[in-house]
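So you can see what is in the structure, the chains are spelled out below.
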Amino acid sequence: MKIAQSEKMFEQAAKVIPGGVNSPVRACRSVGCTPLFIERAEGATLYDVDGNSYVDFVCSWGPMILGHSHPQVVAAIRAAAGGGTSFGAPTPAEITLAEMVVEAVPSVEKVRFVNSGTEATMSAIRLARGVTGRKKVVKFDGCYHGHADSFLIKAGSGLLTLGIPGSPGVPEDIVKNTISLPYNDVNAVTQALDDEGHDVACVIIEPVAGNMGCVLPAPGFLAELRRLTAERGVLLIFDEVITGFRLAYGGAQELFGISPDLTCLGKIIGGGLPVGAYGGKAEIMDSIAPDGPVYQAGTLSGNPLAMAAGIATLRQLQQPGFYQELNDRATRCAERLREVAKRCGLPVQINGIGSMMTLFFCSDPVTDFTSAMRADTGLYAKHYRNMLSQGIYLAPSQFEVAFISAAHTPHDLEKLEKMTEWSFKNLADK
Ligand SMILES: *Cc1c(COP(=O)(O)O)cnc(C)c1O
C-alpha cells in the first residue's frame, strides 16, 4: 500500500493546522499511522488520494448510516444549494425535519436545531440548569458529550485515546460542578443524588456508550436512572448523538422504552452535514429564548443544506424493515467475529448492539470505563494496521465504535470477517 500523497499532505497540513487535523483522533497517533487523506467515497468504500480503496467501518464516526454519496441525499443537497445556502431566516425545511424528529423520537415534543453535537449537549445542560435553578451536572466516566467545558472530565473519545483526563483551559470553577460516575453503577448514582441531589440540574448519559468503545447499559440501569432522577426533580438527558436514528428510528429511548426529559441528537440527523439538535418536553423547551429566558442562538442553525440532507436521510430510514435488516446483518457479523476470535484463541470481547460494535482486546467483559481501560491498545494498534493493509478502514482507536451501514454488502462483511481472521492469526502467532 503506497501512501506517499497522504504523507506529503499530512506534512503540509501540519504546517497550518494543529496536528495536521481538525479533530484529534484523526491524526491516528494511538495506532502509529499517518492519516489517510480521502479523495472521495461512495457506498461503503473510501478512496484515498493515493488511489487506494478501503471498506469503511468508521462511517464518518456515525452519520453515514446510508453509506457515502447516497444518490437521494446528494440530490437533495444539490437542489437545496441551488436555491441559496443560508438566509438566517426561517425556511419550510426546518419545519419538515422538526416534525420528523418529533414524530420519531418518543420523548421529544419540540426540538431546536444547532450545528453540532457539542452545541446540542452544551445547550441542553444550560437549559437544564436554567429550568431547575441548580448548578451541578452528573455524567459518566468514559462518556463523551462533545467538547464543551463541563464535559471534559474523565471523558471518552479522543481524550481517552490520547490519555487526557481533563483539559487545561477548563477552569476549576467549572470542573467542580461536574460529577463523573462509573457507567452502570446504580449505587454510585444513588449515593451522588442523595448527597447532592438538591444541587444537581441533570444527569446526562449516552444510553449506549459509544465513546469508550461500545458499552451497553446493564439491564435495568437506564430505568433506575429514570426513577432516581424523577424522584429528585433532576432532569434526565439522553445524549443520542450516536444512538439517535442508529439503533432504531426512535433511538435508544425507543429500544429501551425509557423517556428522558431532554434528548441530544446529531450525526445521522444531518445526513453527513453539520447538524445537532436538542429537544424534549414542550414545557421544558419553552424556556428557550425567545419564549423563555434561556439563551441559545446560531447564525447557521437550521441551515437549508443540512436540513435537506437530514430530511432525505430520514426518509430512507423510514422504509419498512430498514432497521430490522441492518441490525440483523450487523448482529450476525458480530456473532461470526466472536467465532473467529474463539478459533484463533485470542482474548477478545466483542460488544455490540444493532449496527454498533467494538472489538476489545481483553479477556473480561467490558461494562464501564475501568474495564475498557484493561484493553490492550498495543494489540489494537497492530490489528488496526493489519486491517488497513488489507483494505479495511477501522477507527484509529481502541475506544471507538465500528459502524455498519446499509451500504455494506454481504461481500464487504465477509471481507471484514476474513481479514479479521487473518489478522487475529497473525497476532496470535507473535
Ligand atoms: C460525536 C458526539 C458528540 C459531539 O458531536 P460533535 O458533532 O462532534 O460536536 C456528542 N455526544 C456524543 C455521544 C457523540 O458521539
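This one's a predicted model, so the numbers in the text were calculated from it and none came from an experiment.

**Quick notes on the pairing of strand β9 (residues 262-265)**
Piece 1. Neither face of β9 is exposed, since Leu262 and Cys264 on one face and Thr263 and Leu265 on the opposite face are all buried.
Piece 2. With three bridges connecting them, strand β8 (residues 235-239) and β9 associate as parallel partners. Directly across from Ile237, in β9, lies its bridge partner Leu262.
Piece 3. Regarding the hand of the β-α-β motif, the stretch spanning β8, helix α9 (residues 251-256) and β9 is right-handed.
Piece 4. In this structure, β9 lies alongside strand β10 (residues 276-280), joined through four bridges in antiparallel fashion.

**So, the site of the ligand**
Piece 1. Neighbouring the ligand are Ser116, Gly117, Thr118, Tyr144, His145, Gly146, Glu206, Asn211, Asp239, Val241, Ile242 and Lys267.
Piece 2. Gly117 places a polar main-chain atom, nitrogen or oxygen, 2.9 Å from an oxygen atom of the ligand.
Piece 3. One of the side-chain N or O atoms of Asp239 is found 2.6 Å from a nitrogen atom in the ligand.
Piece 4. Protein burial of the ligand: of its 370 Å² of free accessible surface, 83% is covered by the chains.
Piece 5. The residue makeup of the shell around the ligand, split by class, is three nonpolar, six polar and three charged.

**Section: the sheet that holds strand β11 (residues 349-353)**
Piece 1. Within the open sheet, the three strands sit side by side as β11-β12-β14. Their pairing is antiparallel. Every other strand in the sheet has two partners, leaving β11 and β14 (402-403) as the edge strands with one partner each.

**So, the pattern of salt bridges**
Piece 1. Throughout the structure, instances matching the rule amount to 14 salt bridges.
Piece 2. Residue Asp286 is joined to Lys110 by a salt bridge in which the shortest nitrogen-to-oxygen separation is 2.8 Å. In this pair, Asp286 is assigned in the loop between α10 (282-285) and α11 (304-317) and Lys110 in strand β4 (residues 110-114), connecting sequence segments 176 residues apart.
Piece 3. Of the residues examined, Asp286 reaches a relative accessible area of 30% and is grouped as partly exposed.
Piece 4. The exposure class assigned to Lys110 is partly exposed, which follows from its relative accessible area of 36%.
Piece 5. The closest approach of N and O atoms between Glu335 and Arg338, which form a salt bridge, is 2.9 Å. Placement of both Glu335 and Arg338 in helix α12 (residues 322-344) is noted, with a separation of three residues, approximately one turn of the helix.

**Some thoughts on the UniProt feature "modified residue: N6-(pyridoxal phosphate)lysine" (unreviewed entry) in the chain**
Piece 1. What UniProt calls "modified residue: N6-(pyridoxal phosphate)lysine" (unreviewed entry) maps, in this numbering, to Lys267.
Piece 2. Along the chain, Lys267 falls in the loop between β9 and β10.
Piece 3. The class of Lys267 is partly exposed, set by a relative accessible area of 27%.
Piece 4. The contacts of Lys267, once residues within four sequence positions are left out, are Trp61, Gly62, Pro63, Val241, Ile242, Gly272 and Val275.

**Digging into the packing of aromatic side chains**
Piece 1. Taken as a whole and assessed by the stated rule, the structure comprises eight aromatic pairs.
Piece 2. Taking the centre distance of 6.1 Å and the plane angle of 80 degrees together, the rings of Phe140 and Tyr183 count as edge-to-face. Separated by 43 residues along the polypeptide, Phe140 in strand β5 (residues 136-140) and Tyr183 in the loop between β6 (178-181) and α7 (186-196) bring together distant segments of the chain. Comparing Phe140 with Tyr183 shows no difference in burial state: the two are buried.
Piece 3. Ring centres 5.8 Å apart and planes at 80 degrees place the aromatic pair Phe140 and Phe221 in the edge-to-face group. In this pair, Phe140 sits in strand β5 while Phe221 sits in helix α8 (residues 221-231), placing the two residues 81 residues apart along the sequence.
Piece 4. On the basis of relative accessibility, which here comes to 0%, the residue Phe140 falls in the buried class.
Piece 5. Three or more aromatic residues link up through ring pairs in this structure, and these residues are Phe140, Tyr183 and Phe221.
Piece 6. Above the plane of the ring of Tyr47 lies Arg40, whose end atom (NZ or CZ) is 4.0 Å from the centre.

The rules behind each value
- Residues numbered from 1 in each chain as written.
- Predicted model: local features only at pLDDT ≥ 70, side-chain atom pairs only at ≥ 80, totals over all residues.
- Heavy atoms only, no water.
- Buried < 20%, exposed > 50% of the residue type's maximum accessible area, 1.4 Å probe, protein only.
- Helix = DSSP H or I, 4+ residues; strand = E, 2+ residues; numbered from the N terminus.
- Pairing = 2+ DSSP bridges.
- Right-handed = clockwise from strand over helix to strand, strands pointing away.
- Near = heavy atom within 4 Å.
- Polar contact = N/O pair within 3.5 Å; in protein donor to acceptor, adjacent residues only side chain to side chain.
- Areas by Shrake-Rupley, 256 points an atom, 1.4 Å probe, with all protein chains shown as cover.
- Nonpolar A, V, L, I, M, F, W, Y, C, P; charged D, E, K, R; others polar.
- Salt bridge = Lys/Arg side-chain N within 4 Å of Asp/Glu carboxyl O.
- UniProt positions renumbered as here; feature names shortened; annotations may be inferred.
- Contact = heavy atoms within 4.5 Å.
- Phe/Tyr/Trp six-rings, centres within 6.5 Å; stacked < 30°, edge-to-face > 60°.
- Lys NZ or Arg CZ within 6 Å of the ring centre and 35° of its normal.

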